[in-house]
Amino acid sequence: MAATISPSVDLSAALVAAPPTLAEWLVILPVAWCLAIGALLVMLRRPIGLHPTIAMSGLAGLVLINGLLLREIAENGPLTMVMGRWLPPFGIAFTADLTGALFAFAAALVALVAGVFSLADINDSGRRYGFYPLLMLLMAGVSGAFLTGDIFNLYVWFEVLLISSFGLLVLGSEPEQIDGTVKYGFLNLVATTLFLIATGYLYAVFGTLNMADVATKAEALRDRAPLMTLTGLFMLAFAMKAAAFPVNFWLPASYHTPRVAVSALFAGLLTKVGIYALVRVMVMLFPVEREELSFILAVAGALTMIVGVLGALAQTDFRRILGYLIVSGIGSMLAGIAVGGPGGIGGAIFYALHSMLVMTGLYFASGIAMRLGASSSIAALAGLYRRHVGFAALTLMLCFAVSGLPPFSGFWPKVMLVKAALDIGAWWLAAALLLAGFLTMIVTGRLFLLAFWREAPPADGEAVSLSPAAFGPLAVLTGLTLLIGLYPEPLLAVIQDAAAGLAEPSAYVNSVFPEGGPQ
């Protein structure tokens, strides 16, 4: 019996008719590049001597790709690449705007300098058990999270980076690492479950998971859908991943356990993915609900700042101090999201980019200090400035930067956030920001005085040299924080455009649906 031939179906409204341009391929190239380099490293598991060269070349290529993507978006607006040429809600879209491209470029830069530092920090055993393939897999997850335009796909990339981070945490299999991984894994799995529940809820309400599609439909559904509940679920899930109070204690309990290169990577990247997701969902998709929840976010931000810095004051372990300072910085970013507006959102983005550089650099400093002083306790360290004056000077500059002092990168986002808080009359939030900065200055001053400035026994005060692989990454990141502090205008202009694009996402939507909106 002959099969019935159905009439032709017009798929013009569901498919992208034009072939993708070369620029559009840049949107998915960071993820594909990282996965390809990671797969190559797995296939070359035996000759581990090749791993550093391949990985450094791959990370340098990733910086180049993300730099080209950022320049393209800055010149021509957001870019979208849809899988299989199917338009949402049928296909998954990768959409890059200025916010996503900025975060992706900064993440690639941090990964490259961390990779260089790992040359002096990761031994043959760590390389044999997959440090570099796991690093590339981590960067695939981070890049995918920053560049995807689909909420469920964001969940997928969160899972990819979590799996790779578990592997990096346990690299070495020491009891302390296992303990840190359990704490890290448990709370992150709870957050991931909440994220998945919220994603299912979102699909039930909107019938789509594409961010541009959701942004256009949210206004029409606002009066007849529980968007406040939905936004609250996303806020809680991402706040847990970003280590916001009161679900922040997993971070300082786990970040001091792995190798220093791994801790530095985590400090620079993982919590910032949570902040990015929070900005994307609450500012671009649900701005009205963000306004309604702004007081809760502001209180959480203030408590995160103060609890984090007080926790740092109570510590004597160098890396534990830094873990609490990461938490305190997350509070500043939450405060910016709560305040909203160009100043608040721009300040949060600026602070996140600054924190990616500075906290990574400070973890490098902790590793070098442990190498020079044979201890991670600042009570046991002393006289490090005599052992290497250049290292002490770079560390002091990073301490100034994380405290928000001029002329370093931390000064400008702090000014933006305080001004934005005062502009809306939230004087108590501005006071919390200033108090956190003051207490951070005390924390870093105590750290420097005890570990660097205090006199050491004569036998421990001899000058030593550091390998370029250890000293170079620290110098590069410190130089960047100084450059941004002295000449912030170019970065500030891009950040202001990025914040404006989140508040008014018409260009983002038009890049996904060129005809002006979803069909």
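Structure: see above.
Residues numbered from 1 in each chain as written. Predicted model: local features only at pLDDT ≥ 70, side-chain atom pairs only at ≥ 80, totals over all residues. Heavy atoms only, no water.

Moving on, we come to helix H21 (residues 489-503). Residue pairs spaced three or four apart in an α-helix point in one direction, given the helix's 3.6 residues per turn. Taking 1.5 Å per residue as the helical rise, H21 with its 15 residues ought to reach 21 Å, and the 21 Å between its terminal C-alpha atoms agrees with that figure. Those residues of H21 hidden inside the fold are in contact with helix H3 (98-121), helix H11 (260-285) and helix H15 (341-373). (Helix = DSSP H or I, 4+ residues; strand = E, 2+ residues; numbered from the N terminus. Expected span 1.5 Å × (residues − 1). Contact = heavy atoms within 4.5 Å.)

This brings us to the packing of helix H5 (residues 131-147) against helix H6 (residues 151-169). Running from amino to carboxyl end, H5 crosses H6 at an angle of 155°, the nearest separation of the two axes being 8 Å. Here H6 runs roughly antiparallel to H5, going by the angle between their axes. As H5 runs across H6, the sense of the crossing is left-handed. Side by side, H5 and H6 meet where Phe131, Leu134, Leu135, Leu137, Leu138, Ala140, Gly141, Val142, Gly144 and Ala145 of the first sit next to Leu154, Trp157, Val160, Leu161, Ser164, Ser165, Gly167 and Leu168 of the second. Here the contact of H5 with H6 is built from residues that sort into 13 nonpolar, five polar and no charged. (Axes fitted to C-alpha atoms, helices over the stretch in contact; angles between N-to-C directions. Parallel < 35°, antiparallel > 145°, perpendicular 65-115°, else oblique. Left-handed = near helix turned anticlockwise from the far one by under 90°. Nonpolar A, V, L, I, M, F, W, Y, C, P; charged D, E, K, R; others polar.)

Using the criterion set out here, one finds six salt bridges in the structure. Two residues, Asp121 and Arg371, come together in a salt bridge whose shortest N-O distance is 3.8 Å. Taken as a pair, Asp121 in helix H3 and Arg371 in helix H15 lie far apart in primary sequence, 250 residues in all. Residue classification places Asp121 among the buried positions, given a relative accessible area of 6%. Residues joined in a network through salt bridges with shared partners are Asp121, Arg259 and Arg371. (Salt bridge = Lys/Arg side-chain N within 4 Å of Asp/Glu carboxyl O. Buried < 20%, exposed > 50% of the residue type's maximum accessible area, 1.4 Å probe, protein only.)

Both faces of the sheet carry side chains from a regular strand, because those side chains alternate between them. Both faces of strand E2 (residues 93-96) are covered, namely the face carrying Ala93 and Thr95 and the face carrying Phe94 and Ala96. Alignment of strand E1 (residues 79-82) against E2, held across four bridges, turns out to be antiparallel. Bridging from a neighbouring strand, Thr80 pairs with Thr95 of E2. (Pairing = 2+ DSSP bridges.)

With that out of the way, let us pick up unusual backbone geometry. Pro246 follows Phe245 through a cis peptide bond whose omega is 5°. Relative to the assigned elements, Pro246 resides in the loop between helix H9 (227-242) and helix H10 (250-254). Cis rather than trans, the peptide bond between Pro406 and Pro407 has omega equal to 0°. Take Pro407: it is sitting in the loop between helix H17 (389-402) and helix H18 (411-423). A positive phi angle, near 70°, is found at Ala243, a position not held by glycine. Look at Ala243 and you get buried, because its relative accessible area is 0%.

Looking now at the packing of aromatic side chains. The tally for this structure, following the rule as stated, stands at 20 aromatic pairs. When the ring of Phe131 is compared with that of Tyr132, the centres are 4.9 Å apart and the planes differ by 80°; the resulting orientation is edge-to-face. Each member of the pair, Phe131 as well as Tyr132, carries the same accessibility label: buried. When the ring of Phe146 is compared with that of Tyr276, the centres are 5.1 Å apart and the planes differ by 85°; the resulting orientation is edge-to-face. One end of the pair, Phe146, is in helix H5; the other, Tyr276, is in helix H11, with 130 residues separating them in the sequence. We classify Phe146 as buried; its relative accessible area is 0%. (Phe/Tyr/Trp six-rings, centres within 6.5 Å; stacked < 30°, edge-to-face > 60°.)

All right, on to the nonpolar core then. Soluble globular proteins tend to pack their nonpolar side chains together in the buried interior. Counting residues in hydrophobic clusters, the biggest one holds 197 residues, and the most contacted among them are Phe206, Phe286 and Phe391. When residues of this core are assigned to their parent elements, the largest contribution, 20 residues, is made by H11. Once residues lying within four places of it in the same chain are set aside, the contact partners of Phe206 are Val214, Lys217, Ala218, Leu221, Leu227, Leu230 and Phe286. (Core = buried A, V, L, I, M, F, W, Y, C linked by side-chain atoms within 4.5 Å.)

Together, Leu435, Phe438, Met441 and Ile442 line one region of the surface with nonpolar side chains, adding up to about 340 Å² of accessible area. You can see Leu435 is positioned in helix H19 (residues 427-453). (Patch = residues over 30% accessible without salt bridge, like charges linked within 9 Å, V, L, I, M, F, W, Y side chains within 5 Å. Areas by Shrake-Rupley, 256 points an atom, 1.4 Å probe, with all protein chains shown as cover.)

If you check H15, its first and last C-alpha atoms are 46 Å apart, about what 33 residues at 1.5 Å a residue would give, namely 48 Å. Maximal helix bending in H15 amounts to about 25°, located at Ser355. (Bend = angle between axes of the 7 residues up to and from the residue.)

Right, let's get into the side chain of Thr304. Relative to the helices and strands, Thr304 is located in helix H13 (residues 294-313). When its relative accessible area of 0% is taken as the criterion, Thr304 is described as buried. One polar contact links the side chain of Thr304 to the main-chain amide nitrogen of Phe245, over a distance of 2.8 Å. If near-sequence neighbours (up to four positions away) are discounted, Thr304 is found in contact with Ala243, Ala244, Phe245, Val327, Ser328, Ile330, Gly331 and Leu334. (Polar contact = N/O pair within 3.5 Å; in protein donor to acceptor, adjacent residues only side chain to side chain.)

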